[in-house]
Amino acid sequence: MKKYAEITSIPYLGAASTEPFAFKYYNPTEVVAGKQMKDHLKFAMSYWHTIDAEGADMFGSGTMDKSFGETDPIKKFEKKADFAFDLMNKLGIEYYCFHDVDIAPEGKDVKESTEYFKHMVDYIYDLQQKNNKKCLWVTANNFSDKKFMCGAATSCCADVYAVAAAKVKAGIDAAIKLGATGYVFWGGREGYETLLNTDMGLELDNLATFLTMARDYGRKNGFTGDFYIEPKPKEPTKHQYDFDVATCMNFLRLNNLTADFKMNIEANHATLACHTFQHELRTARVNGSFGSIDANQGDPLLGWDTDQFPTNVYDATLCMYEVLKAGGFTNGGLNFDSKTRRSSNTFEDIILSYIAGMDTFALGLRKAVAMIEDGRIDSFVDERYASFNSGIGKKIVDKSTSLEELTDYAMGLGAIEVMSGRQEYLENVLNNIMFNN
Ligand code: XLS
Ligand code: NI
Ligand code: NI
């Protein structure tokens, strides 16, 4: 197998190829359903897992060295950034996203950390311009440092809240400078372990105030992208406030934030909430809050966020079906919130992992287009609800009936026959579409 340094780009060689460093399904400029594949998929590299994570887990230290031979903190992060853009070039990935602490070292206090961060934002800005890349979104890591042990915007300590706000302000400034089209809030430790020590009402109000201030600051200073909430039901806290899309929508509606905030939906977070990925995407779609996607996959035998590179083509297909039905990405995109396994510890593995994830979603896109063109599933659903197209059903949809009228109508009915849901037939149709060509 080739070494990382020998790889200059990943060509599309088609499904028959056995070359490991080639795309089998992702052909960036191929037009499907009216758009180039790269514009449908808007792949983004996530800095934290790719450039920083070294494979440490609860039972062992890192298995990969990502210091790039540097000990000086700033130089190290500059080398990481150089590597990041080189990797994106090799893979043909146009977008990237990051937490503040992913791109810059932390200083002795907020002031010093902010200076380092600004230096690295300028550094990355130059790389972005030189390499013709775009920033998908920025976020703040307001969960790793010990001061965030009881949360950030839901901390019991006002000073911690202020530090979190300063980090978000710096992140929004960076998003504006880099022309990012998104700013993400993943809850981190915004949640709780026990109500015995928690003022839930105050924490939620403070969180709403925090998001409102961030929105106002961003809009006042020219940030025109979307703000996103990334729902997750548990981990690190037992009860995360942003449990799932439905919970987040309730919170956003209550606090008048729906015009500015959309959802960044992560595949494995959906599963942790005992939903399918497609359920979360559909819920966002019907609530008008579909935004961006954190694509990874979990392991059905493990109950935590394993952040594996996605290889499940069924999930990717049903995901891309929802994306197409939502009208495609606008400000959002598809970032890989995924990391190589701890034992896949070479730079070649990073490339191979991205190829796997990108090919999976490319195949998912192709199959989702095929599902829509095939039409059997969509037309089955149309037919299933046909009773709402005319007569009393139409009146229900038009909200022009009443309980009295429905009662009169029901009194005149004889035996009712409800059409079969035909789940097994539809699952077979899906298999047919998946494996037909
Ligand atoms: C953690 C989250 C995190 C967000 C960004 O589970 O997925 O990585 O995507 O803060
Ligand atoms: Ni996650
Ligand atoms: Ni995520």
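The structure this text deals with has already been given above.
Residues numbered from 1 in each chain as written. Chains lettered and ligands numbered in written order. Predicted model: local features only at pLDDT ≥ 70, side-chain atom pairs only at ≥ 80, totals over all residues. Heavy atoms only, no water.

Participant: Help me out: how do you make sense of the coordination of the nickel ion (ligand 3) in this one?
Facilitator: Four donors placed tetrahedrally around a metal ideally meet at 109.5 degrees, and six donors placed octahedrally ideally meet at 90 or 180 degrees. Protein coordination at the nickel ion (ligand 3): the donors are Glu230 (OE), Glu266 (OE), Asp294 (OD) and Asp337 (OD), at 1.8 to 2.1 Å from the metal. Classification of the site at the nickel ion (ligand 3) as octahedral follows from its 6 donor atoms and the range of 82 to 174 degrees in their angles at the metal. Sequence spacing of the donors to the nickel ion (ligand 3): E-x35-E-x27-D-x42-D. Between the nickel ion (ligand 3) and the nickel ion (ligand 2), a spacing of 3.7 Å is present, and a bridge between the two is formed by Glu266. Taken together, the positions of Glu230 in strand β8 (residues 226-230) and Asp294 in strand β11 (residues 290-295) put the pair 64 residues apart, joining distant regions of the chain. Accessibility assignment for this pair places Glu230 and Asp294 in one class, buried. (Donors = N, O, S within 2.8 Å, 3.2 Å for Na, K, Ca; no water. Tetrahedral: all angles 85-135°; square planar, octahedral: opposite > 155°, others 65-115°. Helix = DSSP H or I, 4+ residues; strand = E, 2+ residues; numbered from the N terminus. Buried < 20%, exposed > 50% of the residue type's maximum accessible area, 1.4 Å probe, protein only.)

Participant: Even after reading the chapter, I still don't get helix α12 (residues 347-374), so can you show me in this structure?
Facilitator: Residue pairs three or four apart in sequence face the same way in an α-helix, which turns once every 3.6 residues. Look at α12: 40 Å from first C-alpha to last across 28 residues, which is about the 40 Å you get at 1.5 Å a residue. Counting buried residues along α12, 20 of its 28 residues qualify, which places the element largely inside the surrounding structure. Positive phi shows up at Gly375, right after α12, with a value of about 80 degrees. (Expected span 1.5 Å × (residues − 1).)

Participant: Whenever I open this one, the coordination of the nickel ion (ligand 2) confuses me. Can you help?
Facilitator: Around the nickel ion (ligand 2), the protein contributes the donor atoms Glu266 (OE), His269 (NE2) and Asp305 (OD), at 2.0 to 2.2 Å from the metal centre. In primary sequence terms, the donor set of the nickel ion (ligand 2) follows E-x2-H-x35-D. Judged by its relative accessible area of 3%, His269 falls in the buried class. A relative accessible area of 11% places Asp305 in the buried class.

Participant: Would you mind showing me how to read the pairing of strand β3 (residues 43-46) here?
Facilitator: Every other side chain in a regular strand lies on the same face of the sheet, so the side chains alternate between the two faces. Burial of β3 is two-sided: the residues Phe43 and Met45 facing one way and the residues Ala44 and Ser46 facing the other way are all buried. Judged from the 3 bridges that link them, β3 and strand β12 (residues 334-336) form a sheet pairing that is parallel. Bridge pairing in β12 links Phe43 to Leu334. Across 3 bridges, β3 lies against strand β4 (residues 95-99) in parallel orientation. (Pairing = 2+ DSSP bridges.)

Participant: Where do I start with the nonpolar core in this structure?
Facilitator: Soluble globular proteins: nonpolar side chains tend toward being buried together. Ranked by internal contacts, the top residues of the largest apolar core, which has 105 residues, are Met45, Ile293, Leu334, Tyr354 and Phe361. Discounting residues that sit within four places of it in the chain, Phe361 has contacts with Leu41, Phe43, Phe277, Ala295, Pro310, Ala316, Cys319, Met320 and Leu334. By size, the runner-up hydrophobic cluster in this structure holds 8 residues, among which are Trp48, Leu136, Trp137 and Tyr228. (Core = buried A, V, L, I, M, F, W, Y, C linked by side-chain atoms within 4.5 Å. Contact = heavy atoms within 4.5 Å.)

Participant: How do you make sense of the packing of aromatic side chains when you look at a structure like this?
Facilitator: Each aromatic ring pair is characterised by the separation of its centres together with the angle its planes make. Counted by the stated rule, this structure contains 27 aromatic pairs. Their ring planes at 40 degrees and their centres at 6.0 Å tell us that Phe185 and Phe261 sit as a pair that is tilted. Of this pair, Phe185 sits in strand β6 (residues 182-186) while Phe261 sits in strand β10 (residues 261-266), and the two are 76 residues apart along the sequence. Given a relative accessible area of 1%, Phe261 falls into the buried group. Ring centres 5.2 Å apart and planes at 25 degrees place the aromatic pair Phe227 and Phe261 in the stacked group. Here Phe261 lies in strand β10 and Phe227 lies in strand β8, a separation of 34 residues in the sequence. Through a chain of ring-to-ring contacts, three or more aromatic side chains come together here, namely Tyr161, Tyr183, Phe185, Phe210, Phe223, Phe227 and Phe261. Positioned above the aromatic ring of Tyr125 is the side chain of Lys177, whose terminal nitrogen or guanidinium carbon lies 4.6 Å from the ring centre. (Phe/Tyr/Trp six-rings, centres within 6.5 Å; stacked < 30°, edge-to-face > 60°. Lys NZ or Arg CZ within 6 Å of the ring centre and 35° of its normal.)

Participant: Any chance you could explain the pairing of β11 here in plain terms?
Facilitator: Most of β11 sits inside the fold, with 6 of its 6 residues counted as buried. Examined bridge by bridge, β10 and β11 share 4 bridges and lie parallel to one another. Within β11, the position partnered with Met263 by the bridge is Phe290. Pairing of β11 with β12 involves 3 bridges; the strand directions are parallel.

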